[in-house]
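Below, each chain spelled out in residue letters.
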Amino acid sequence: QVQLVESGGGLVQAGGSLRLSCAASGRTFSSYAMGWFRQAPGKEREFVAAVSRSGGSTGYRNSVQGRFTISRDNAKNTVYLQMNSLKPEDTAVYYCAQSKGAVVVSTLYEYDYWGQGTQVTVSS
């Protein structure tokens, strides 16, 4: 059984930084692409970033490009999301997800395992 456990969320002022981590267990971590999604109150869950199984390819939503960096450590079965220059509109619950395959994908249905989420709040 796959388990994904996020950590690193919290309250930060606009312009600040946070680093989210997601520890995975249950199947061969290095075989699957990983992604981060977020969901703000009253809004649908949206793609934030993804990384291929090797870490060699990444993808981002336009609004976080240049501010967020996704990375992974296959030896530690962990994926990270470094978030810099945070804005109030980044406030959401952030979810880690494991893809059904190896390449970068951005739609929800292409991910079959999800973490419980971690709250990120950016104050203005």
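Residues numbered from 1 in each chain as written. Predicted model: local features only at pLDDT ≥ 70, side-chain atom pairs only at ≥ 80, totals over all residues. Heavy atoms only, no water.

1. What to know about the sheet that holds strand β1 (residues 3-7)
Line of reasoning, step 1. The 4 strands are arranged β1-β3-β8-β7 in an open sheet whose pairing can be described as antiparallel. If you trace the sheet from one side to the other, it starts and ends with β1 and β7 (68-73), each paired once. The average angle at which neighbouring strand axes cross in this sheet is 15°, direction not considered.
Line of reasoning, step 2. When β7 meets strand β8 (residues 78-83), the two strands line up antiparallel, connected through 6 bridges. (Pairing = 2+ DSSP bridges. Helix = DSSP H or I, 4+ residues; strand = E, 2+ residues; numbered from the N terminus. Axes fitted to C-alpha atoms, helices over the stretch in contact; angles between N-to-C directions.)

2. Quick word on the nonpolar core
Line of reasoning, step 1. Residues W36, V79, L81, M83 and Y94 are the most contacted members of the largest nonpolar core, which totals 26 residues.
Line of reasoning, step 2. Counting residues per element, this core draws most heavily on strand β3 (residues 18-25), at 4 residues. (Core = buried A, V, L, I, M, F, W, Y, C linked by side-chain atoms within 4.5 Å. Buried < 20%, exposed > 50% of the residue type's maximum accessible area, 1.4 Å probe, protein only.)

3. Regarding the side chain of T118
Line of reasoning, step 1. Considering the arrangement of structural elements, one finds T118 in strand β11 (residues 118-123).
Line of reasoning, step 2. The class of T118 is buried, set by a relative accessible area of 11%.
Line of reasoning, step 3. Those residues within four positions of T118 in sequence are excluded, and the remaining contacts are E6, S7, G8, G9, L20, A92, V93 and Y94. (Contact = heavy atoms within 4.5 Å.)

4. Some details on the pairing of β8
Line of reasoning, step 1. Among the 6 residues that make up β8, 5 are buried, leaving the element largely enclosed by the rest of the structure.
Line of reasoning, step 2. Linking β7 to β8, which pair antiparallel, is a turn of 4 residues; within it N77 sits at a positive phi near 55°.

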